[in-house]
Every structure is written in C-alpha cells, then in structure tokens.
Amino acid sequence: MTKAATPVLAPALEWPGRTNEEWHRSRLDRFALETRKVAPLGKKTTQALPSDPQWAGQLRFIDGALAGAALDPALKAQGVVFGPLSDAPASVKQFLAATEALCDTLASSHHYQALEFGAVLHIPASLIVEKPFLVHITETRNGGLTVPHVSVQADRLSQAALVVRSDSPAHTPFTSHSATTVELADGAIFRLCDLQDHNLEAAVLDHSFARLGRDVQFFHWSACLGGGTVKTRFEFSLEGEGASLKTHGLYFGIGDQHKDLRIATTHRAPNTTSYALYKGAVRDRSRTIFQGLIEVSPQAPRTDAYLSNKNLILNDGARADSLPQLKIDTNDVKCSHGSTTGKVNEDEVFYLTSRGFSRDEARLLIAEGLFAELIDEAPEPLREELSRRVEDSLRSPPVASGSP
Amino acid sequence: MSNETIPDNLTADNFADGYKYGFSTPEKSLVKSAKGLSEEVVRQISAAKNEPSWMLAYRLKALETFYKMPMPVWGADLSGIDFDEIYYYAKASSESATSWDDVPEDIRNTYDRLGIPEAEKKFLAGVGAQYDSEMVYHNLQKNLTDQGVIFSSPEDAVLNHPDIIRQYFGTVIPHTDNKFAALNTAVWSGGSFIYIPKGVHVDIPLQAYFRVNTKSFGQFERTLIVVDEGAFVHYIEGCTAPVFTKDSLHTAVVEIVALPGARVRYSTIQNWSNNMYNLVTKRAFAYENATVEWVDGNIGSKVTMKYPAIFLMGKGAHGEVMSIAFANKGQEQDTGTKIMHFADDTSSVVTAKSISKSGGISSYRGIIKAAAGLRNIRSKVECDALLLDASAKTNTYPVMDIQSDDVSMEHEASVSKISEEQLLYLMSRGIGEAEASMMIVNGFIDPLVKQLPMEYAVELNRLIELEMEGSVG
C-alpha cells in the first residue's frame, strides 16, 4: 500500500459551511453535535450469546455497553479478534489514528473526539471464514449522542464478511455519529453489509472509510432505511494495483425523512475497478440526496469505473436529488455514470393491469421488482427481512405530516 | 488530415499556438474610459451613449450590486482578474455604419481578415460587428426590415424602441443574478438587439461578430432577443481577440425571450485568444410551445465559465443544448447547462461533449430541475469527455433536482480516450495514426457539428484540427 495517498492534516479544522458542496443540501444543526452530550453508558451486563449457526460470531451492544458476545472457538484459536474496541490490536489502533488524520472538517473529526464505544474485527492472513460476523448496535438512550465505531482489518489473502446493524426503538430522539473503517491488505476479499434502521426521530451521521490494497476485492452492501435526518459519507480509497470495489445500496424516504448519502471512490493505483449501483425510492414529503463521486488520480491508468443511481418518486411532493460526479485526471480510463429519476414505467403498469392486477398493485409490484436485484446480493440471513422491509416501506399508509 | 484544408495565410508567424486571429491593429480609440471601475466610469459610459436617465439609474443600481456580491467560490480559478486593471469602455468609431464602405478603414481591414463581409454576402441575412465597446456595423436585408424585424445595437434600441427594452431588459437575467451579470449591467456596451414580429420566419441566420482590439480590455456586450408568437430566428455569434501579454475580460449577458410558439436557435463559436477570461451569463425563457436551442462551441479563452440556461415557463415548451468544449494547454473550459422545468409537458435534451489535452481542464457543471406538482416532464442529458493524453483532465458535476413524480429524467456521462480498437481498425485500412485520430475526434463531435450551418461546421472542424496538431505521434 502507498502512504502517499494520505493528505497532510489541516492545522485547524472548521465546521462545514453552506459553501461546502457536500453539506449544501443538509443542515448541520439538525445533528446538534455541539449541544447533545454523550449519554452515560448503559449497564454492562455482557452475556455469552447462544451459538447461532448463521454467524461466525456476534457482538451485541445496547446503549454503548457490550450486552452479548459470541465467537466460534475454532476461529478464536486461529487468531481472529472479534470484540469491543478496547480489544483492538496495535495495528488497528494505528489504522484508527490514520483515518482520524484524514478528517477534513470538524463534522468528521467530531466522531473521533467523541468516540465512545465500538467493535473490532481482525482476520489473520490467509484465513478464510465462510460465515458472516454480526455486530448489532441498539440505542435506547433518549436525547443524547451516541458515537459507535466499527473497525475492520483483514490481513493478506484472508476472506470474511461482516454485517453491521444499528437500530433504536421508536420515539427516542438522539444523534448517532458512527463510522466504519476498513483496511484490506493485499489479496483480501471482504464483504461488508450495513443495515441502518434507526427510528424516525434519530439524527444519523456517518463518516466511513475503506482502504483497498493490491488485488483486494471489496463488496459493500448498504440499506439506509431509518433515521429522521441522515447524512452519510463512505470514502473508498483504491490504493493497490488491481483492487476492485463493488458497492450496492438501497434507500427509502418516507414521511418527512431527509437523507443525504455520499459515496466517494478514489482510484489511486493502476488497473483498479469500481462498480456502484444505488437505488432509492421517495414518498410522502421525504427528500433524498445521492452524491456519487468517481475520482481518478494521474497514478491510476487503466481504471474502469461505473456508477449508477436510480430514483423512484412515488408521489408528488417527494423529492430526489441526484449528483453523480466524475473527476478524471488521466486519459487511459473507462469511466462513466448514469442517473435516472422518474415514476413507475406506465407501459409496465399497463401490462400488469391487462393481466388483472389493479393499478396500485401493479405499481407496487414494479417498485418491489426494482429493489429485488439489490436484495438478491445481500447476505443470506438478511434477505427475507429486507424484502419484507421494502414491501412495508412501499405499502404502508402515508405518514401524516408532523408525526414521525 | 491533409494540409489542403488549412488556408494559405496560416504561416508560422500567426500560427503561434494554432491561433489564427492573434493579430492586432494599432489602437486608435476615440473615447476610452480611465482604467478601473467607478461610478464615474459608469456615468461616462451612459453619457457617451446619450442614454435616458432610467437606464443610468439601472446601471448605478447594478454597480452597487456588483460591489456587494462575492466572487463565486466554485468553478474555475478567477484570482487572476484585477477589476482595477481593466479598461471598461473604448470606442474606436464615431458611428455604427450600415455599409462596410463607411466603416473606418483599419477596422474594416480587421473584419476583412476575419472574413465577415464576405460571409455576409454569401449566407447571412444580417450582420452586426462589434469592435471593442461599440457596434461599428449593423445591416439587415431589406425584406426583413420591411416585415418589421429589428436588428440593431441595444443602444439604438434604448433610444428607438424603449417600450420593448423596458418590458424585457433585465427580466430574464436580473442584475442580482450573479456578480458578473451585475458588472455587465453596470457597464454594458454594444451587443445585439433583435425583435422578430409575430409569425415572421427569418430563414437565413443573423450574425454578430465580437472583436476585442484593446489591451487589458473588458468587453461587456449585452444581447436581448425577443421572438414574438410563432416566429423563428437563428442567431450566430463569433468572437476573437488579439493575443496580448495581459489578460482581458469578456463578460456578456444574453437574454432571450421566446414567446408562445416561437423558436430560437442561438449558436456561438467562441474562439477568444488564450489570455481571455470569458465569464458569460446566458439565459432564455421559453413560453407555451416555444423552443429554444443553444449550440455552444468553446474553443478559445484562458478561462470560460458559461452555462447557457433555459427556463421552460409555458406548457409544451422544449429546450435543447448542444455544446462542445476544447481545453488545450493552460485552458479551463468550465461549461454546462441549466434547465428549469416550470410547466407541464415540457422537455429538454442536453448533449455536451468535451475534449482535453496537454493539461487542459474541461468541466461539465449542470442542473436539471423539475418543480413540484408538474405533469409529464422529460429530460435527457448526455455528457461525453475525450481525453487525448495522460495530463488532460475532465470533471463532471451534474445535479438532478426532481420534485415531481411525473418525470422521466435520464443522465449519462462517460470519459474515455481515443479507442485503441477504432484506431487499430482505421490504421489496418492504411490510414496514418494522426489522420485516424482526427477521424475519430471528428466522429465524436459530429452530432454537434451537424447542427451548425455548413460554413460554421467547416470552421469548427478546422479549429479542432488546429488544436489537435501535434497531439498524436
């Protein structure tokens, strides 16, 4: 891996202003980062979780405290580290310091200043783990700030998968400022699945980062379902020759949700590839913003990059912004993006109505079909639940104004 | 391709950087404002034009706005502009002539070298020629004058058609729109005023040619085109400047009003010298069933920031933008399109192509907006960038802001180099690498070139060939 890609830390960081393009469409004050305090941690009652054949290991956090843990003993014996952040080996701590140094505004460095708890997963070299790991973070503390961090380090030629779920019961307004940082050494293959399902009063901020070494294959799958105000950024840095990235994401806007999602992929080495597919649907009075940047540095000839964003607007008054971006600094590349925004295809609706479906039913079936392609790529244990969630999101009655 | 398409007068002397219009004529201004911007300069410009007081008042209000507004923090680097180092007004001829014989000889020679009088004879219905601040020539075919078509300088229109000016001037682009629109409104001079009466089709194009001849000069032309119900016009604009050691500024404002059922096509081939800051605001309002088309070529200038906009105000209106940008060494072409859908059944198509080489930067910056509650909106945007060498750069920053559910919006962008497969194919047929590359580039810009009148298509192809010189092999 090259160190050259790490920018020099700005001597003094500032809060992002309105002129910061990334924050142009979302209000920083919605996150109350300066006023909300980190709530006291919940009671520490760690229990061994019953073994579940679906998972290689599980970590359960409630209100910042580790409530349950399980790890396949065979994996532990082979050197897998999977536990709270306090168990992080030196190499993970080093990586954490490096990602903190990448912070470009106070909004991102706030996470490291307020960092409260988290999980670490370290896979030793050449180890292949078949089943996914699960980190499940639940928040019930009212009105406070929660700052979880998940750090992943996969050594050379290892293979593994991790699912991170975060949720909170209804009617507990709070701010979550999370981050997931991933460092993948040469030849590693890793799948990360991110399922955000907070309540509709939560303000969710996320600044995540992944560094891909030589010939790494990284697949990132995300579903952004919950949260009242959501602002996320995932930076993917392709630093080793031949690294390849696939990112898939789905998001919904319901009621008054505001979701501003950004992915930024930077190709910094030759022969790297990235493929991104993001699909969203908005209804009621919600608004989604998708920002997808592909950046190619002069050191990355033979880059092949593609990004696709598709938005479905289900009723008038809902709003979807799409901002795909290309920043290309060398010529031997193949880079493109596509973006479509619209309603359900009328021809398809007509076809289904001629087969006896009602108009409404036909529209719902087509919308569900749009997301099926993404759900098929999600980790096996989550697929059924995700299908159900998509169905609920599309079919539930309109959320009245003012109520979450 | 072969040398036969390059004219004889392109000797090594005036071929520096491939720019053929870099010559200058000794400066002989009759009136020239003091260097720098002040209320005094604005009053001086207004007085030189014998303007009514309402126009002076508007200029002074715009000057205040200019002082108040910040420089744009996005886009190209504009730190090289020093507003105090610029001459805001220079008049080289006492009258605007309607015959080339009446244009002062040295100025006429300039236009002869640019080939304007010859083009007028061959394929234009009317020509306007601006030299520094003032229009020196304006002529329109008699049959069009008889039908009520007006083609004059805006100064002339302020005096002779104040009703139309007061109705439309500054309504499409208010002086508060951006800092450079405010600057233009304060110090505007020259440009074109066109009025096409109801139902009149002007079948052959009208043209204006803008020439800067004074060093450290700012040209601030102002164009207003009003096309009445069911009428049609194609307006073409060309521009060049000498190569001076000091940078010049070109800040135009172009307003187009297409009334119900009208169609307007506005074509520009911008070929400023490589020391020109070209910061232009162009916008059109398209009312019910009207069509507005921008055909925009940006070949020259040091920095261009130009985003032709179409506001689709009436049901059934249609907007189209076709653009090509070529960013060579030291150039930044920051261009794009702004389309606002404000009415039902409106549609828009944007095709943007760019070519970069030798460290040149071309950027596409665009926005497509569909306001809430609209029915049947369709929009398609395609941006393609071609990078000719490893140091070339390109950026694409589109925004799709869709607030209505009955919309079909598509955007596609791609970046590539000259395809090895295509090159191999052509070379295996016995075509040299340079010529094969040129053929591929020609194919790349072909959809746009096709939209131009024959003479301009040939000119654009030749300009691109000149820019391509030495880029292969």
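Everything quoted here is computed from the prediction, not taken from an experiment.

1. Comments concerning the pairing of strand E2 (residues 57-62) of chain A
Residue and element names in this part refer to chain A. A large share of E2 lies buried, amounting to 5 of its 6 residues. Of the pairings in the sheet, the one linking E2 to strand E3 (residues 65-71) comprises 6 bridges and is antiparallel in character. Opposite Gln58, over in E3, you have Ala70 as the bridge partner. Between the antiparallel neighbours E2 and E3 lie 2 residues, among them Asp63 with a positive phi of about 50 degrees. Judged from the 6 bridges that link them, E2 and strand E6 (residues 133-138) form a sheet pairing that is parallel. From the neighbouring strand, Arg60 faces E6, where its bridge partner is His136.

2. So, the packing of helix H4 (residues 346-354) of chain A against helix H5 (residues 359-375) of chain A
All names here are of chain A. For the pair H4 and H5, the least separation of the axes is 9 Å and the interaxial angle reads 125 degrees. In terms of their interaxial angle, H4 and H5 are classed as oblique. Like other packed secondary-structure pairs, H4 and H5 cross with a definite hand, here right-handed. Contact with H4, carried on its side by Glu348, Val349, Leu352 and Thr353, involves Arg359, Ala362, Arg363, Leu365 and Ile366 of H5 and no other residues of that element.

3. Things to note about the interface of chain A and chain B
On the side of chain B, 33 residues touch chain A, which itself brings 33 residues to the contact. Of all elements in the fold, only strand E20 (319-328) and strand E21 (333-342) of chain A reach the threshold of two or more residues within the side of chain A that touches chain B. A per-class count over the side of chain A that touches chain B returns 11 nonpolar, 14 polar and 8 charged. Looking at chain direction, E20(A) and strand E24 (residues 393-402) of chain B are connected through 6 bridges and run antiparallel.

4. Side note on the domain arrangement of chain B
All names here are of chain B. Under the domain assignment used here, chain B contains domain 1 (22-418) and domain 2 (419-473). Summarising the inter-unit geometry, the C-alpha centres of domain 1 and domain 2 are found 28 Å apart. With 23 residues of domain 1 at the interface, the matching set in domain 2 holds 20 residues. Of all the secondary-structure elements, those providing two or more residues to the side of domain 1 that touches domain 2 are helix H4 (116-123), strand E13 (263-270), strand E15 (291-298), strand E18 (318-327) and strand E21 (347-356). Looking at the side of domain 1 that touches domain 2 residue by residue, the classes come out as 14 nonpolar, 6 polar and 3 charged.

5. Some remarks on unusual backbone geometry
A positive phi is found at Arg302(A), a non-glycine position, where the angle reads about 60 degrees. Within the secondary structure, Arg302(A) is located in the loop between strand E18 (287-296) and strand E19 (303-313). On the basis of neighbour counts, which here come to 16 C-beta atoms within 10 Å, the residue Arg302(A) falls in the partly exposed class. Positioned with a positive phi, Asp132(B) is a non-glycine residue whose angle comes to about 55 degrees. The exposure class of Asp132(B) is buried, given the 26 C-beta atoms found within 10 Å.

6. Some points on the pairing of strand E17 (residues 273-282) of chain A
Residue and element names in this part refer to chain A. Of all 10 residues making up E17, 7 are buried, and the element is well covered by its neighbours. As paired strands, E17 and E19 are joined by 10 bridges and run parallel to one another. Looking at E19, one finds that Tyr278 is bridged to Asn309.

7. A look at the domain arrangement of chain A
Residues and elements named next belong to chain A. What the domain assignment reports for chain A is domain 1 (21-343) and domain 2 (345-397). Between domain 1 and domain 2, the contact holds 16 residues from the first and 13 residues from the second. Within the residue set of the side of domain 1 that touches domain 2, elements represented by two or more residues are strand E9 (159-167), strand E11 (189-197), strand E13 (217-224), strand E15 (244-253) and E17. Along the lines of polarity and charge, the residues of the side of domain 1 that touches domain 2 split into 13 nonpolar, 2 polar and 1 charged.

8. Some details on the environment of Lys417(B)
Its place among the elements puts Lys417(B) in strand E25 (residues 407-417). Taking the C-alpha atoms as reference, Lys417(B) lies 33 Å from Val407(B); in sequence the two are 10 residues apart. Among residues more than four places away in sequence, those in contact with Lys417(B) are Asn331(A), Asp332(A) and Leu387(B).

The rules behind the values
Residues numbered from 1 in each chain as written. Chains lettered and ligands numbered in written order. Predicted model: local features only at pLDDT ≥ 70, side-chain atom pairs only at ≥ 80, totals over all residues. Buried ≥ 20, exposed ≤ 12 C-beta atoms within 10 Å, placed from the backbone. Helix = DSSP H or I, 4+ residues; strand = E, 2+ residues; numbered from the N terminus. Pairing = 2+ DSSP bridges. Axes fitted to C-alpha atoms, helices over the stretch in contact; angles between N-to-C directions. Parallel < 35°, antiparallel > 145°, perpendicular 65-115°, else oblique. Left-handed = near helix turned anticlockwise from the far one by under 90°. Contact = placed C-beta atoms within 7 Å. Nonpolar A, V, L, I, M, F, W, Y, C, P; charged D, E, K, R; others polar. Domains from an automatic or database assignment.

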